[in-house]
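# Close look at the chain arrangement
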Amino acid sequence: VGVLVLDATAGVTTQDKRIAGLLQESMKPCLIILNKWDLMQKEDGGRMAQGEEALKIRNELFFFDFAPIICLSAKTGQDVKRLATALEEVRQAAEIRIGTGELNRFFKQVWESQPPPSKGGRRFKLLYATQVVPEVKRPFHPPEFLLFVNNADLMTDAYHKHLLHTLREEWPFAGLPIRLRLQGRLSREEQDRRS
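A short tour of the structure in this document, coming up.

So, how was this worked out
Residue indices begin from 1 for each chain and proceed along its sequence in written order. With the structure being a predicted model, the display of local features is reserved for residues of pLDDT at least 70 and the display and counting of side-chain atom pairs for 80 or more, all residues being used for whole-chain, interface and lining totals. Values reported for side chains reflect all heavy atoms of the structure, with hydrogen atoms and water molecules removed beforehand. Numbering of helices and strands starts at the N terminus; helices are DSSP runs of H or I of at least 4 residues and strands are runs of E of at least 2. Note on method: radius of gyration uses C-alpha positions; expected globular size equals 2.2 Å times residues raised to 0.38. Between buried and exposed lies partly exposed: a residue is buried under 20% and exposed over 50% of the maximum accessible area for its type, with that area taken using a 1.4 Å probe on protein chains only. By definition, residues are in contact when any of their heavy atoms lie within 4.5 Å. Only the protein chains shown count as cover for residues, with accessible areas throughout obtained via the Shrake-Rupley method and a probe of 1.4 Å. A residue counts as positive if it is Lys or Arg and as negative if it is Asp or Glu; His and the chain ends are not included. A charge is said to be at NZ when it belongs to Lys, at CZ for Arg, at CG for Asp and at CD for Glu. The rule for pairing is simple: two strands pair if DSSP sees at least two bridges between them. Between N-to-C directions, angles span 0 to 180 degrees; the directions come from axes that are lines fitted to C-alpha atoms, helices contributing only their stretch in contact. Throughout, the arc means the angular range of directions from the helix axis out to the C-beta atoms. Only rings of Phe, Tyr and Trp enter the pairing, Trp through its six-membered ring, and a pair is recorded when the two centres are within 6.5 Å. The plane angle decides the type: under 30 degrees is stacked, over 60 is edge-to-face, the rest tilted.

Further remarks concern the overall build of the chain. Scanning the chain from terminus to terminus reveals six helices and eight strands. Helices (α) and strands (β) of the chain occur, in sequence order from the N terminus, as β-α-β-α-β-α-α-β-β-β-β-α-β-α. Here the C-alpha radius of gyration of the chain, 20 Å, is well above what a compact globule of 195 residues would show, namely 16 Å. For the chain, the spread of C-alpha atoms along the three principal axes comes to 70 × 35 × 30 Å. Within the chain, buried positions represent 38% of all 195 residues. Considering only contacts in the chain between residues 6 or more positions apart, those separated by 24 or more positions represent 70%. Summed over all atoms, the accessible surface of the chain reaches about 11,700 Å², with 50% contributed by carbon and sulfur. Where the 29 positive side-chain charges of the chain centre and where its 25 negative ones centre are 4 Å apart.

Here it is, written out as structure tokens:
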């Protein structure tokens, strides 16, 4: 699990964004820690609302919308226990298994409510979907879905993002990136060669 530690008093820096980008590329589970929360105060001397600050972080690190944000103080120990609680929530999310029937019904509804755009006069079609069960069980394994499709090249980036977004609305998978793997249908020539 990647833990991105930010200085709450400094906000998101350029270096923080670089590190966050590396975490995103690694496709690892992630948590965001806002350290030095004990120093955060409003101009009128009152306590800063965690939700307001978390929203600012979400806007800066929009590609980590799935990562829980924990405000704590390493110096005073304030809310440090929340880190262990958040890690346990991520571990439990990694255990979620979606039945093949339920998953296919979900994708059918997604297709009906917003069909994929056509590309070169052809449309991307989903034939079947299933959640991949990892060969080696690890405690923080990100969910992976295998989509059997007519042609993987017909999937647009925008529709890929749409699928990930709607999946996460239904099953949040807190702290976990979601992997979508596409398996295109084999051409008749390829089928003949494999036979």
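After that view of the structure, there is still more to cover.
Now for the sheet that holds strand S7 (residues 144-149). An order of S6-S7-S8 is seen for the three strands of this open sheet, with the pairing classed as mixed. Two strands bound the open sheet, and with one partner strand each, they are strand S6 (126-131) and strand S8 (179-184). Direction aside, the axes of adjacent strands within the sheet are offset by 20° on average. With six bridges connecting them, S7 and S8 associate as parallel partners. Of the residues in S8, the one forming a bridge with Leu147 is Leu182.

The strands that make up a sheet pair up through hydrogen bonds in the backbone, lying either parallel or antiparallel. Pairing is parallel across the open sheet formed by three strands, whose spatial order is S1-S2-S3. What marks the edges here is a single partner per strand, and that holds for strand S1 (2-7) and strand S3 (69-71). Geometrically, the sheet is characterised by an average inter-axis angle of 25° between neighbouring strands, direction not taken into account. Bridge count between strand S2 (residues 30-35) and S3: three bridges; the pairing is parallel. The residue bridging Ile32 from the neighbouring strand is Ile69, located in S3. Seen against the sheet, helix H1 (residues 14-26) touches S1 and S2 and runs at an angle of roughly 170° to S1.

Our next topic: helix H2 (residues 50-60). By the burial criterion, the buried members of H2 are Glu53, Ala54 and Ile57. Projected onto a plane normal to the axis of H2, the buried residues spread over an arc of 100° and lie on a single side. Looking at H2, the residues exposed on the side facing more than 90 degrees away from the buried face are Gly51, Leu55 and Asn59. Buried residues along H2 sit in contact with S1, S2 and S3.

A few words on the packing of aromatic side chains. Tallied over the full model, the rule gives 10 aromatic pairs. Taken together, a centroid distance of 5.1 Å and an interplanar angle of 65° make the contact between Phe106 and Trp171 edge-to-face. Of this pair, Phe106 sits in helix H4 (residues 100-113) while Trp171 sits in the loop between helix H5 (157-170) and S8, placing them 65 residues apart in sequence. Residue classification places Trp171 among the buried residues on the basis of a relative accessible area of 11%. A ring pair is formed by Tyr128 and Phe148, whose centres lie 6.0 Å apart and whose planes are at 45°; its orientation type is tilted. On the criterion of sequence distance, the pair formed by Tyr128 in strand S6 and Phe148 in strand S7 is long-range, its members being 20 residues apart.

So, about the environment of Phe62. As for its placement among the helices and strands, Phe62 is situated in the loop between H2 and S3. On the basis of relative accessible area, Phe62 is assigned to the exposed category, the value being 59%. Along the primary structure Phe62 and Ala152 are separated by 90 residues, whereas in three dimensions their C-alpha atoms are 26 Å apart.

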